[in-house]
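# Coordinates in review
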Amino acid sequence: MVDPTSDIGDVDPEDAPACAVCGAAVTGDDHRVRSWVEDSNVEHRHFCDDDCLEEWDG
């Protein structure tokens, strides 16, 4: 998988992270990432578009 803390850009779907909502490969420049610290660990989730992000943020 591509380093989740870097720009994803155009990558092969096999190397891309999966959207936390729909499971689609997150590729291209339209993706969104949410990061936070929980119990001294950095957590992050990738989303393929604003709709999936909004569904997750609920």
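Think of each chain on its own: its residues are numbered from 1, step by step along the sequence as written. Totals for whole chains, interfaces and linings use all residues, but because this is a predicted model, local features are given only for residues with pLDDT of at least 70 and pairs of side-chain atoms are given and counted only at 80 or more. To obtain the side-chain values, all non-hydrogen atoms of the structure were included, while hydrogens and water were left out.

## Quick notes on the overall build of the protein chain
Using the following cut-off: To qualify as a helix, a DSSP run of H or I must reach at least 4 residues; to qualify as a strand, a run of E must reach at least 2; elements of each kind are numbered from the N terminus. All accessible-area figures derive from a Shrake-Rupley calculation using a 1.4 Å probe, and residue coverage is judged against the displayed protein chains alone.
Within the protein chain, the regular secondary structure consists of one helix and two strands. What you see in the protein chain, going N to C, is helices and strands ordered as β-β-α. For the protein chain, the exposed area adds up to about 4,000 Å²; of that, 39% sits on carbon and sulfur atoms.

## What about a negative patch on the surface?
Inclusion rule: Each patch is assembled from residues with relative accessible area greater than 30% and no salt bridge, linking like charges that lie within 9 Å and nonpolar side chains (Val, Leu, Ile, Met, Phe, Trp, Tyr) that lie within 5 Å. In what follows, salt bridge is the name for a side-chain nitrogen of Lys or Arg lying within 4 Å of a carboxyl oxygen of Asp or Glu. Positive charges are assigned to Lys and Arg, negative charges to Asp and Glu, while His and the chain termini are left out of the count. Charged groups are reduced to one reference atom each: NZ for lysine, CZ for arginine, CG for aspartic acid, CD for glutamic acid. A 1.4 Å probe rolled over the protein chains alone gives each residue an accessible area, and that area as a share of the maximum for its type sets the label: buried under 20%, exposed over 50%, partly exposed in between.
Judged by side-chain charge, D51, E54, E55 and D57 come together as a negatively charged surface patch. For D57, the location among the structural elements is in helix α1 (residues 50–57). A relative accessible area of 48% means that D57 is categorised as partly exposed.

## With respect to the packing of aromatic side chains
Formally: Paired rings are identified among Phe, Tyr and Trp, the last through its six-membered ring, by centres lying within 6.5 Å, and are further divided according to the angle between planes into stacked (under 30 degrees), edge-to-face (over 60) and tilted (the rest).
Considering all chains together, one arrives at two aromatic pairs under this definition. Aromatic side chains W36 and W56 sit 5.7 Å apart centroid to centroid with 35° between the ring planes, which places their arrangement in the tilted category. On the criterion of sequence distance, the pair formed by W36 in strand β1 (residues 32–38) and W56 in helix α1 is long-range, its members being 20 residues apart. For W36, a relative accessible area of 26% puts it in the partly exposed group. Given a relative accessible area of 35%, W56 falls into the partly exposed group. An aromatic cluster of at least three residues, connected via ring pairs, comprises W36, F47 and W56.

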